[in-house]
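Commentary on secondary and tertiary structure
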Amino acid sequence: MQRGTNKESLDILIAGAGYVGLAAAVALKQARASLRVAVVDAAPAGAWQRDGRASAIAAAASRMLDRLGVWKEIAPNAQPITEMIVTDSRTADPVRPVFLTFDGDVAPGEPFAHMVANRDLNGILRKQASQLGIDIIEGVAVRAFDTDGGGVTVHLADGAALKARLLVAADGVNSKLRDMAGIKTVKWDYGQSGIVCTVAHERPHEGRAEEHFLPAGPFATLPLKPDDKGVNRSSIVWVERTEDAERLVAGDELVFETELERRFGLQLGEIRAMDKPRAWPLGLTLVRSFVAPRLALAGDAAHGIHPIAGQGLNLGFKDVAALAEVVIEADRLGQDIGALDVLERYQQWRRFDTLQMGVTTDVLNRLFSNDIGPLRAVRDIGLGMVERMPRLKDFFIRQASGLSGATPRLLKGEAI
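What this report covers is the structure whose coordinates are included nearby. Being a predicted model, the structure only gives us computed values, none of them experimental.

1. Here we look at helix H6 (residues 242-250)
Within H6, burial applies to Thr242, Asp244, Ala245, Leu248 and Val249. Projected onto a plane normal to the axis of H6, the buried residues spread over an arc of 160° and lie on a single side. Those residues of H6 that are exposed and angled more than 90 degrees off the buried face are Glu243 and Ala250.

Laid out in structure tokens, this is it:
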């Protein structure tokens, strides 16, 4: 797209070239080739290549990615989660009793989740977007936007202006577009931060994920495929009080690895951090509205939740599937895809699920991130009861896989 100061006309402009923004662009363009779709991103070109993290992709999301034509490239380097165990203990406890175990399949041969490198996911989505003719404008922020009866005019920081029928804000939990639209949020800070890094270990993990509920917050180990040199690896998400997390990532490497070993254990042999750990502050953010005239929020722009259930990215992919289905059906019927009554259908589809997940993760974090004796007894009894009830365990697996409730077609692996 050759951009200048004149207003260029699009059907849909997506702000944010993360996984949610790119997946939305691909889903919309693939389902309706006549739609003119572009993506604009404030991050410098190539910034995504420096992301060393990995994400848990639920079964429903992998079905959607397969329908979008990208899973076949992602799958060879994706690590299936074959088993999940949950413990509840203190850091110093010599033994961590397992209260809950989940088998990894939602269907024969289909794990409930895979671990995927963020760079792989972003790069392959970008490749597919390019093949579909979707323009990605990098290193340029949205400065402002104006709406009128027929569309939205988006003013970029470089002086260019783009006109579209619909603007999608997928620009993260601190969304600038959400603020520009005056959409209010309910938010609070947990006083916790999530430490993320990749850990090498001697013995293979066999696809097993573990979540240890510790007094300061959950400590999760998530299996990764061995690297090019055959090194066994896992990704960790380690929640600590913010002041402790900041001290750990900024301090001496030996101190960090000592504390890491106390939590990770030596069941997989000797361990070491493979990259520089980083910490992100954790909080809950829920929007009062998913939509405004000519604007729809998706992904973290619409909701930021605690990582205790590993559902943040998968909630964003649910947004993508629902928004794409609503927009494509409206366009086929000759309706205005940016009209508020059309966008309200998307909001009605996603609002309750998002609120439910936000409240659930909030309650789980408050219930498990403490060392209060009576609460510990109650939660351990509850975990034990779930362990002995196969149907309830199956229900939780379906929830974790993203296949429960009113599931959009893409998440079922179906075309829109």
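2. Remarks on the pattern of salt bridges
Tallying each qualifying case throughout the model produces 26 salt bridges. A salt bridge links Asp11 to Arg165, with the nearest nitrogen and oxygen atoms 3.1 Å apart. Taken together, the residues Asp11 in the loop between strand S1 (7-9) and strand S2 (12-15) and Arg165 in the loop between strand S14 (161-164) and strand S15 (166-169) connect sequence positions 154 residues apart. Among the residues examined, Asp11 registers a relative accessible area of 6% and is labelled buried. Assessed through its relative accessible area of 22%, Arg165 is described here as partly exposed. Here Glu210 ties to Arg208 by a salt bridge, and the two come within 2.8 Å at their closest N and O atoms.

3. Details of the side chain of Asn314
Locating Asn314 in the fold gives a position in helix H8 (residues 312-332). When sequence neighbours within four positions are dropped, the list of residues in contact with Asn314 reads Ala56, Ile57, Ala58 and Ala61.

4. Regarding the nonpolar core
Within the largest apolar cluster, 103 residues are counted, with the highest numbers of intra-cluster contacts made by Ile12, Ile14 and Leu121. Every residue in contact with Ile12, bar those within four places of it in the chain, is listed here: Leu28, Leu35, Arg36, Val37, Ala38, Ala164, Leu166, Val168, Val327 and Ile337. In terms of nonpolar packing, the next biggest core, distinct from the first, is built from 16 residues, Val199, Leu214, Phe256 and Leu268 among them.

5. Regarding the pairing of strand S21 (residues 278-287)
Here 10 bridges tie strand S16 (residues 185-201) to S21, and the two strands are oriented antiparallel to one another. In the strand pairing of S21, Trp188 is matched with Leu284. Bridging between S21 and strand S24 (residues 303-304) involves two bridges; their strand directions are antiparallel. Considered in S24, the bridge of Leu286 is made with His303.

Rules behind the numbers
- Residues numbered from 1 in each chain as written.
- Predicted model: local features only at pLDDT ≥ 70, side-chain atom pairs only at ≥ 80, totals over all residues.
- Heavy atoms only, no water.
- Buried < 20%, exposed > 50% of the residue type's maximum accessible area, 1.4 Å probe, protein only.
- Helix = DSSP H or I, 4+ residues; strand = E, 2+ residues; numbered from the N terminus.
- Arc of directions from axis to C-beta.
- Salt bridge = Lys/Arg side-chain N within 4 Å of Asp/Glu carboxyl O.
- Contact = heavy atoms within 4.5 Å.
- Core = buried A, V, L, I, M, F, W, Y, C linked by side-chain atoms within 4.5 Å.
- Pairing = 2+ DSSP bridges.

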